[in-house]
Amino acid sequence: TEEIIHQSDKLSAVGQLAAGIAHEIRNPLTALKGFLQLMEMSGVRKQEYFDIMNSEFNRIEQILTELLVLSKPPSMHYSDSVVQDIINDIVTLLNTQAIIKNIYITTDMPEHKVYIRCIKNQIKQVFVNFIKNSIEAMESGTIQIKVVAEENTDDVTVFFEDNGTGIPKELLKKVGEPFFTTKEKGTGLGLMVSSQIIRDHRGELRITSEENVGTICAVTLPTSS
Ligand code: ADP
Ligand code: MG
């Protein structure tokens, strides 16, 4: 046993992630199998069973969708994209979801176009993850997106600031660990996937937060010219 414990201590990051994924997917699968057996043996087909099964299937689907963003098919090349365009796209995408909750998204961006060399869909996903977390952390309020870049500079910082619940100090270091979530229906993969993508792009992510005040996610990425 000692050796086994010893070895599992040395599980690589990939191994730990694989173990986490296997675990998180086995749980809903076990539930699905259980309900199938129950229905087969009892002959009872209750709407409630289908609802639970449906939500377990959705959970598996959500986990896999979030992780798939990390895979890069060979066709997905890096290209030069304008930060302002990416932000305008995702604000349009998420605005309706926000407005339903009385949340307003504002942007403050430089006049001159800021280019980054990136896998556009991945960077979009990162920004979407931040904004979704903000929406989920607020009853109502404002999400402020600010892009800061001097002209002819070699990096750009995008700030996502909300006035939501904030993250308690003792939980802040756990955020971004695979499967760490405080939400009933969360996957705990959004920030892990986001920070991996940012690292792949040679960028940096800083999260500052104060409970009952709000959260700021700041991404710094190299610009291209
Ligand atoms: P998920 O959203 O599925 O829970 P994430 O990795 O996106 O997973 O976030 C992990 C956790 O970090 C969340 O469950 C939440 O507790 C915390 N968190 C992230 N962003 C915010 C935010 N803007 N405001 C408050 N808490 C946040
Ligand atoms: Mg999230």
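In case you missed it, the structure is sitting above this.
What counts and what doesn't
- Residues numbered from 1 in each chain as written.
- Chains lettered and ligands numbered in written order.
- Predicted model: local features only at pLDDT ≥ 70, side-chain atom pairs only at ≥ 80, totals over all residues.
- Helix = DSSP H or I, 4+ residues; strand = E, 2+ residues; numbered from the N terminus.
- Axes fitted to C-alpha atoms, helices over the stretch in contact; angles between N-to-C directions.
- Left-handed = near helix turned anticlockwise from the far one by under 90°.
- Contact = placed C-beta atoms within 7 Å.
- Nonpolar A, V, L, I, M, F, W, Y, C, P; charged D, E, K, R; others polar.
- Near = placed C-beta within 6 Å.
- Pairing = 2+ DSSP bridges.

Caption draft 1: How the structure looks around unusual backbone geometry. With a phi angle near 60 degrees, arginine 202 is a residue other than glycine that sits in the positive phi range. Residue placement: arginine 202 occurs in the loop between helix H7 (190–200) and strand S6 (204–210).

Caption draft 2: Spatial organisation of the packing of helix H5 (residues 120–136) against H7. At their nearest, the axes of H5 and H7 sit 9 Å apart, and the two run at 145 degrees to each other. Considering only the axes of H5 and H7, their crossing is left-handed. Note on element contacts: H7 touches H5 through Gly190, Leu191, Ser194, Ile197 and Ile198, opposite Gln122, Gln125, Val126, Asn129 and Asn133. Considered class by class, the residues forming the contact of H5 with H7 number four nonpolar, six polar and no charged.

Caption draft 3: Quick peek at the site of ligand 1. Taken together, 22 residues are adjacent to ligand 1, and Asn133, Ala137, Thr181, Gly186 and Gly190 come closest. Where the shell around ligand 1 is concerned, the elements lending two or more residues are H5 and H7. Split into classes, the residues belonging to the shell around ligand 1 amount to seven nonpolar, 13 polar and two charged.

Caption draft 4: Looking closely at the pairing of S6. Bridge count for S6 against strand S7 (residues 214–222) is seven bridges, and the pairing is antiparallel. Bridged to arginine 206 within S7 is alanine 218. As consecutive antiparallel partners, S6 and S7 are separated by three residues, and within that stretch asparagine 212 has a phi angle of approximately 65 degrees, a positive value.

Caption draft 5: The sheet that holds S7, seen in detail. The strand order across the open sheet formed by five strands is S2-S4-S5-S7-S6, and the pairing between neighbours is mixed. In this open sheet, the two strands that pair with only one neighbour each are strand S2 (103–108) and S6. In this sheet, adjacent strand axes meet at a mean angle of 10 degrees when their direction is disregarded. Where helix H4 (residues 83–100) meets the sheet, its contacts fall on S2, strand S4 (141–148) and strand S5 (155–162), and the angle it forms with S2 comes to roughly 170 degrees. Running over the sheet, H5 touches S2, S4, S5 and S7 and is turned about 20 degrees from S5.

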